[in-house]
Amino acid sequence: MSNNAVLIKGEGLVKKFGGMTAVNCVDFELREGEILGLIGPNGAGKSTLFNLISGFLPTDSGVCTFGGKKITGKSPDKICHLGLGRTFQAAKNFPDMSLRDNVRMGALFGPVGQTYAQADQETDEILAFVGLDRFMDTAVPDIPLAGQKQIEVARALATKPTVLLLDEMMAGLNPTEVDEAMALVRKIRDTGVTVLLIEHVMKAVMNICDRIIVLHHGALIAEGTPAEIAGNKEVIEIYLGGEV
Ligand SMILES: Nc1ncnc2c1ncn2[C@@H]1O[C@H](COP(=O)(O)OP(=O)(O)O)[C@@H](O)[C@H]1O
Ligand SMILES: [Mg+2]
């Protein structure tokens, strides 16, 4: 894994909100084929870093590249068309649309030149792939939290990403649902999608990630394998506590 090509590279990324530095000169690499975990206490800047990578917020300084091409400064839709999909910490689904349309939107937006028929087929395959076919007759607002998270993942997958950013897809899930979500992330990676995930559920992070990076007060304070991170004194003090 360590020799794999770098897909996304961030160098010196900075984001300030007023006088507060949310992301403070962060360097990181996401390598092809890996599942990279991004952890850190609440408010550490994890979601903000996702917003910088995916173009949802302008970067104050630093550069992010995707496949060697600069993406910093590009709009979220352009970055998505380059092959970057993402989900949001608070699922942003469309309550008045059907489950299928919630996902079809991604299929229609994503791969340029795809026909409606192809998008429909794609949508049905992805619904089954993430396990949402069990909710086909349920109104979106009535689908439970685990399903809401799956809709987000499905819509992002429908854009045909080569890199997927997942923001706390396991928060609030019960242990069975966490196991299912872990299996889904592995399955996504096994289809050739590189994954960067923010997650607080340590059992999941430690089990599925190839590498982990740690943010604290906006700065990257550690990176390594799950075993290295679980044994890192600073990380234990500021974040893991008695969890591992
Ligand atoms: N759009 C915003 N405007 C102002 N402050 C923000 C905004 N987004 C995040 N912040 C602040 O930036 C810090 C990092 O937030 P966030 O990236 O959401 O942390 P995390 O995802 O690690 O919990 C927090 O102090 C948060 O309040
Ligand atoms: Mg967050």
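Residues numbered from 1 in each chain as written. Chains lettered and ligands numbered in written order. Predicted model: local features only at pLDDT ≥ 70, side-chain atom pairs only at ≥ 80, totals over all residues. Heavy atoms only, no water.

Q: Even after reading the chapter, I still don't get helix α3 (residues 99-109), so can you show me in this structure?
A: Because an α-helix completes one turn every 3.6 residues, residues spaced three or four positions apart along the sequence face the same direction. Buried within α3 we find Leu99, Asn102, Val103, Gly106 and Ala107. Buried residues of α3 fall within an arc of 140° about the axis and therefore sit on the same side. Where α3 is buried, its residues contact α4 (116-130) and α5 (145-158). (Buried < 20%, exposed > 50% of the residue type's maximum accessible area, 1.4 Å probe, protein only. Helix = DSSP H or I, 4+ residues; strand = E, 2+ residues; numbered from the N terminus. Arc of directions from axis to C-beta. Contact = heavy atoms within 4.5 Å.)

Q: Would you mind going over the coordination of the magnesium ion (ligand 2) with me for this structure?
A: A metal bound by six donors in octahedral fashion has ideal angles of 90 or 180 degrees, whereas one bound by four tetrahedral donors has an ideal angle of 109.5 degrees. Taken together, Ser47 (OG) and Gln89 (OE1) make up the full set of protein donors to the magnesium ion (ligand 2), lying 2.1 to 2.2 Å away. Here Ser47 is found in helix α1 (residues 46-54), whereas its partner Gln89 is found in the loop between β6 (84-86) and α3, with 42 residues between them in sequence. (Donors = N, O, S within 2.8 Å, 3.2 Å for Na, K, Ca; no water.)

Q: Sorry if this is basic, but what is going on with the side chain of Arg211 here?
A: Mapped onto the fold, Arg211 is located in strand β9 (residues 211-216). Since its relative accessible area comes to 9%, Arg211 is described here as buried. Separated by 3.0 Å, the side chains of Arg211 and Glu223 make a polar contact. Excluding anything up to four places from it in sequence, Arg211 contacts Glu29, Arg31, Glu34, Ile35, Leu36, Gly37, Glu223, Gly224 and Thr225. (Polar contact = N/O pair within 3.5 Å; in protein donor to acceptor, adjacent residues only side chain to side chain.)

Q: Looking at this structure, how should I read unusual backbone geometry?
A: Residues apart from glycine generally show negative phi values, whereas peptide bonds are mostly found in trans. Here Lys160, not a glycine, exhibits a phi torsion of approximately 60°, which is positive. Relative to the helices and strands, Lys160 is located in the loop between α5 and β7 (163-167). A positive phi angle, near 50°, is found at His217, a position not held by glycine. Here His217 is to be found in the loop between β9 and β10 (219-224).

Q: Just checking my understanding: could you explain the packing of α3 against α4 for this structure?
A: When two helices pack together, their arrangement is given by the angle between the helix axes and the distance between those axes. Between α3 and α4, whose axes approach to 9 Å, the crossing angle comes to 120°. One finds that α3 runs oblique with respect to α4. The chirality of how α3 crosses α4 is right-handed. Contact residues: α3 offers Leu99, Arg100, Val103, Arg104, Ala107 and Leu108, while α4 offers Tyr116, Ala119, Asp120, Thr123, Asp124, Ile126 and Leu127. A breakdown of the residues in the contact of α3 with α4 according to their chemical character gives eight nonpolar, one polar and four charged. (Axes fitted to C-alpha atoms, helices over the stretch in contact; angles between N-to-C directions. Parallel < 35°, antiparallel > 145°, perpendicular 65-115°, else oblique. Left-handed = near helix turned anticlockwise from the far one by under 90°. Nonpolar A, V, L, I, M, F, W, Y, C, P; charged D, E, K, R; others polar.)

Q: Is there a simple way to explain α4 in this structure?
A: Helix length check: α4 (15 residues) gives 21 Å between terminal C-alpha atoms against 21 Å at 1.5 Å per residue, within 8%. Buried within α4 are the following residues: Ala119, Glu122, Thr123, Ile126, Leu127 and Val130. Each buried residue of α4 sits inside an arc of 135° when the element is viewed along its axis, so together they form one side. Exposed positions of α4 whose direction lies more than 90 degrees from the buried face are Ala117 and Gln121. (Expected span 1.5 Å × (residues − 1).)

Q: Please clarify how the site of ligand 1 should be interpreted in this entry.
A: Every residue near ligand 1 is listed here: Phe17, Met20, Ala22, Pro41, Asn42, Gly43, Ala44, Gly45, Lys46, Ser47 and Thr48. One nitrogen or oxygen atom from the main chain of Ala44 is found 3.1 Å from an oxygen atom belonging to ligand 1. The side chain of Thr48 places a nitrogen or oxygen atom 2.6 Å from an oxygen atom of ligand 1. Within the complex, 59% of the 560 Å² of free accessible area of ligand 1 lies under protein. Broken down by secondary-structure element, the contributors of at least two residues to the shell around ligand 1 are β2 (20-31) and α1. Per-class residue counts for the shell around ligand 1 are five nonpolar, five polar and one charged. (Near = heavy atom within 4 Å. Areas by Shrake-Rupley, 256 points an atom, 1.4 Å probe, with all protein chains shown as cover.)

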